[in-house]
Amino acid sequence: MQRCPSLTAQTLPRNHLSFLLKIYNMNTVSKELELPGAFIIGAGAVSSKTAGMNAELMPLVLTESEGKPAVNASYFSSINPEDGKCLQERYSDRFHDCDFGLLANLYACEGKPGKVIEVRASRRTGQDSLVSCMRKAMEQHYPDKSLALGGTFIIQKGKAKIHIMPREFSACPLETEDDVNSWLRHFEVSAPLICQTVMVSRDPGLDLRVEHTHGFSHHGEGGHYYIDTTPDTVEYQGYFLPAEYIYRIDRPKETHKIGRD
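Residues numbered from 1 in each chain as written. Predicted model: local features only at pLDDT ≥ 70, side-chain atom pairs only at ≥ 80, totals over all residues. Heavy atoms only, no water.

Section: the overall build of the protein chain
Turning to step 1, where the next piece is worked out: Each helix and strand in the protein chain was counted, giving five helices and 18 strands.
Turning to step 2, where the next piece is worked out: For the protein chain, the proportion of contacts with a sequence separation of at least 24, taken over those separated by at least 6, is 75%.
Turning to step 3, where the next piece is worked out: Approximately 12700 Å² of the protein chain is accessible, and the part contributed by carbon and sulfur atoms is 52%. (Helix = DSSP H or I, 4+ residues; strand = E, 2+ residues; numbered from the N terminus. Contact = heavy atoms within 4.5 Å. Areas by Shrake-Rupley, 256 points an atom, 1.4 Å probe, with all protein chains shown as cover.)

Okay, here's the thing in structure tokens:
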């Protein structure tokens, strides 16, 4: 069985200024996992110190190993300063590192072929997203366990709600969910949308964000995925794999529950 750890890396609380300039690196993460050459996907944020702005990160990285350089095929989405719309770019077209900042929920594996869990779904009938439905199903079926799952799915038909962080940090502290939602920029984007997700059925006491999903496309739209907005016509196809381990890196001493949806 290939080793497939799931990693959550989150930094300091929202009112602590020092966390804004912290820089993490995918190659360093793979070394901390003792998995050099790891293939990493998930959802995170670019380093504002590296990029000079805030942006949503869709990490897609083969980390360095045995003298082989890393391959960074990640995408990132920011607010276009010209028209205020979504601007999605390839990370390697602008930057030449494997850095990220703020926080990330990552899934790391050896990247080898193997058995996976295939999920096909269409026509949403409830109020929860595909990811929330899967996570809650695991929680209900295994109430005494914490199960982590990572993978990718495609929204083949329909549209979805996403958000993108503004390019600049808020000048005022974001103290409530309403504060955060007012600061974020929300968009409706079209299929096909390629999403990368990390979910944990329940927090095992590590102060985790229990689900986090980002998506990108080949038509220039991407960001933090919430839910589809076309329940009658939406179609999903995804592939997932349970994690063997959960790693918590740089756990904050102070915490909060704001902005975790």
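What follows picks up the thread again.
Details of the packing of aromatic side chains
How two aromatic rings sit relative to each other is set out by the distance from centre to centre and by the angle between their planes.
Turning to step 1, where the next piece is worked out: With the rule as written, the count across this model stands at nine aromatic pairs.
Turning to step 2, where the next piece is worked out: Among the aromatic residues, ring-to-ring pairing joins F153, Y225, Y236 and F240 into one connected group.
Turning to step 3, where the next piece is worked out: The lysine or arginine in question, K161, covers the ring of Y226, its NZ or CZ lying 4.8 Å from the ring centre. (Phe/Tyr/Trp six-rings, centres within 6.5 Å; stacked < 30°, edge-to-face > 60°. Lys NZ or Arg CZ within 6 Å of the ring centre and 35° of its normal.)

Looking at the pattern of salt bridges
Charged atoms that come close allow side chains of opposite charge to pair.
Turning to step 1, where the next piece is worked out: Under the definition given, this model contains eleven salt bridges.
Turning to step 2, where the next piece is worked out: For E110, the salt bridge identified is with K112, shortest N-O distance 3.9 Å.
Turning to step 3, where the next piece is worked out: Accessibility expressed as a relative area gives 31% for E110, which makes it partly exposed.
Turning to step 4, where the next piece is worked out: K112 sits in the exposed class, given a relative accessible area of 52%.
Turning to step 5, where the next piece is worked out: Close ionic contact of D128 with K136 constitutes a salt bridge, the shortest N to O distance being 3.0 Å.
Turning to step 6, where the next piece is worked out: Since its relative accessible area comes to 28%, D128 is described here as partly exposed. (Salt bridge = Lys/Arg side-chain N within 4 Å of Asp/Glu carboxyl O. Buried < 20%, exposed > 50% of the residue type's maximum accessible area, 1.4 Å probe, protein only.)

Regarding the pairing of strand β12 (residues 159–164)
Turning to step 1, where the next piece is worked out: Note that β12 and strand β13 (residues 185–190) share six bridges and pair antiparallel. If you follow H163 over to β13, its bridge partner there is H186.
Turning to step 2, where the next piece is worked out: Relative to strand β16 (residues 223–228), β12 runs antiparallel, the two being bridged by four bridges. Residue pairing for β16: K161 is matched across the bridge by I227. (Pairing = 2+ DSSP bridges.)

What about the sheet that holds β12?
Turning to step 1, where the next piece is worked out: Taken in spatial order, the eight strands line up as β10-β17-β11-β14-β15-β16-β12-β13 in an open sheet, and their pairing is antiparallel. Edge positions in the sheet fall to β10 (117–122) and β13, since each of these pairs with one other strand and no more. Strand-to-strand twist of the sheet, defined as the mean angle between neighbouring strand axes without regard to direction, takes the value 30°.
Turning to step 2, where the next piece is worked out: Summarising the sheet, strand β15 (residues 211–216) and β16 pair through two bridges and their orientation is antiparallel. (Axes fitted to C-alpha atoms, helices over the stretch in contact; angles between N-to-C directions.)

Focus on the side chain of E56
Turning to step 1, where the next piece is worked out: Note on placement: E56 falls in strand β4 (residues 56–58).
Turning to step 2, where the next piece is worked out: One buried charge, E56, has no salt-bridge partner; the nearest side chain with opposite charge is R209, at 7.6 Å.
Turning to step 3, where the next piece is worked out: In terms of polar contacts, E56 uses its side chain to reach the backbone amide nitrogen of M165, at 2.9 Å.
Turning to step 4, where the next piece is worked out: In terms of polar contacts, E56 uses its side chain to reach the side chain of H214, at 3.4 Å.
Turning to step 5, where the next piece is worked out: Those residues in contact with E56 that lie beyond four places of it in its chain are G44, Y75, F76, S77, H163, I164, M165, H214, G223 and H224. (Lys, Arg positive; Asp, Glu negative; His and termini not counted. Polar contact = N/O pair within 3.5 Å; in protein donor to acceptor, adjacent residues only side chain to side chain.)

Notes on the nonpolar core
Turning to step 1, where the next piece is worked out: Counting 22 residues, the largest nonpolar core has F153, I155 and Y225 as its most contacted members.
Turning to step 2, where the next piece is worked out: The set of elements that each furnish at least two residues to this core consists of α4 (130–141), β11 (148–157), β12, β13, β14 (193–200) and β17 (235–242).
Turning to step 3, where the next piece is worked out: Among the elements that take part in this core, α4 stands out by supplying four residues, more than any other.
Turning to step 4, where the next piece is worked out: What Y225 contacts, discounting residues up to four positions off in sequence, is S129, L130, V131, F153, I155, A160, K161, I162, C195, T213, H214 and Y236.
Turning to step 5, where the next piece is worked out: Grouped together as the second largest cluster of nonpolar side chains are 21 residues, A38, L57, V61 and L106 included. (Core = buried A, V, L, I, M, F, W, Y, C linked by side-chain atoms within 4.5 Å.)

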